[in-house]
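# Chains, contacts and geometry: an overview
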Amino acid sequence: MKKLIVLCLMIGSIIAAQAQTSKAAEPYKGTNAEIKFEKLSVDFGTLKVGDVKTVNVTFTNVGKKPLILDDVISSCDCTTVDWSKQPIMPGKKGTIKATYTAKHTGLISKRLTVLSNANTDRVILQLKGEVK
C-alpha cells in the first residue's frame, strides 16, 4: 500500500512539473496593445548651429487594448521630447513631439527610445540630418 501511495505521488509530481514546463514554453502574449509608427526615421535636413527644429512623429495603436507610452528617452540633451500621456485607444493615433537644438556642426544621428505597454515594448526612432 505504501508503495502505491509513493508511486501515485511520484506520478503526480511528474505531471505537475510537465504542466509548469509547458506553461513556461508558451510564447509571451503581451497586453494586446501594439504600436505602429508611420516612419521610424526622421530627416531634419540641413540646419545651422543654433537652429531649433521640431517634428511630430505619429503612431497608431493597431492592437486590441489601450496603448500607454511609459517613457520616450532621447540619446542626448540636445533633443527634448513630449508625447501623448493619455492611453491611446485601439485604432487611434498619438504623437511624439521631438525638438532638436543644433549645437555643433556635423552629421546628426540621434535616437529616441519609445517604451510602452505594447507587445513590441521598445521601439527605436532615428533622427538624422546635418548641421553646417
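Scroll up to find the structure.
Summarised in this report is the structure supplied together with it.

## Description of the overall build of the chain
Secondary structure summary: the chain contains one helix and eight strands in total. Along the chain, helices and strands appear, N-terminal first, in the series α-β-β-β-β-β-β-β-β. Here the contacts in the chain between residues at least 6 apart in sequence split such that 67% fall between residues at least 24 apart. Accessible area for the chain stands at about 8,800 Å²; split by element, carbon and sulfur atoms hold 57% of it.

## Things to note about the state of the cysteines
What the rule picks out here adds up to one disulfide. For Cys76, the disulfide goes to Cys78, at an S-S distance of 2.1 Å. Judged by the sign of its S-S torsion, about -70 degrees, the bond between Cys76 and Cys78 is left-handed.

## Thoughts on the nonpolar core
Within the largest apolar cluster, 28 residues are counted, with the highest numbers of intra-cluster contacts made by Ile35, Phe37, Ile96 and Val114. Secondary-structure elements contributing two or more residues to this core are strand E1 (35–37), strand E2 (41–47), strand E3 (52–61), strand E4 (69–74), strand E6 (93–101), strand E7 (106–116) and strand E8 (122–131). Ranked by residues supplied to this core, first place goes to E8 with four residues. Filtering out sequence-adjacent residues up to four positions away, Phe37 remains in contact with Val57, Thr58, Phe59, Ile96, Val114, Val123 and Leu125.

## Here's the deal with the pattern of salt bridges
Tallied over the entire structure, the rule returns three salt bridges. Between Glu38 and Lys93 there is a salt bridge, with the nearest N and O atoms lying 3.5 Å from each other. Placement of the pair is Glu38 in the loop between E1 and E2 and Lys93 in strand E6, with a sequence separation of 55 residues. A single burial state applies to Glu38 and to Lys93, both of which are exposed. The partner of Lys85 in a salt bridge is Asp82, with the nearest N and O atoms 3.1 Å apart.

## Let's talk about the pairing of E7
Judged from the five bridges that link them, E4 and E7 form a sheet pairing that is antiparallel. When the bridges of E7 are listed, Leu69 appears paired with Ser116. Bridge count for E7 against E8 is 10 bridges, and the pairing is antiparallel. Within E8, the position partnered with Val114 by the bridge is Val123. Hairpin connection between E7 and E8: a loop of five residues separates the two successive antiparallel strands.

## Here we look at the environment of Phe37
Note that Phe37 resides in strand E1. C-alpha separation for the pair Phe37 and Phe59, spaced 22 residues apart in sequence, amounts to 4.2 Å.

Cut-offs applied
Residues numbered from 1 in each chain as written. Predicted model: local features only at pLDDT ≥ 70, side-chain atom pairs only at ≥ 80, totals over all residues. Heavy atoms only, no water. Helix = DSSP H or I, 4+ residues; strand = E, 2+ residues; numbered from the N terminus. Contact = heavy atoms within 4.5 Å. Areas by Shrake-Rupley, 256 points an atom, 1.4 Å probe, with all protein chains shown as cover. Disulfide = S-S within 2.5 Å. Core = buried A, V, L, I, M, F, W, Y, C linked by side-chain atoms within 4.5 Å. Buried < 20%, exposed > 50% of the residue type's maximum accessible area, 1.4 Å probe, protein only. Salt bridge = Lys/Arg side-chain N within 4 Å of Asp/Glu carboxyl O. Pairing = 2+ DSSP bridges.

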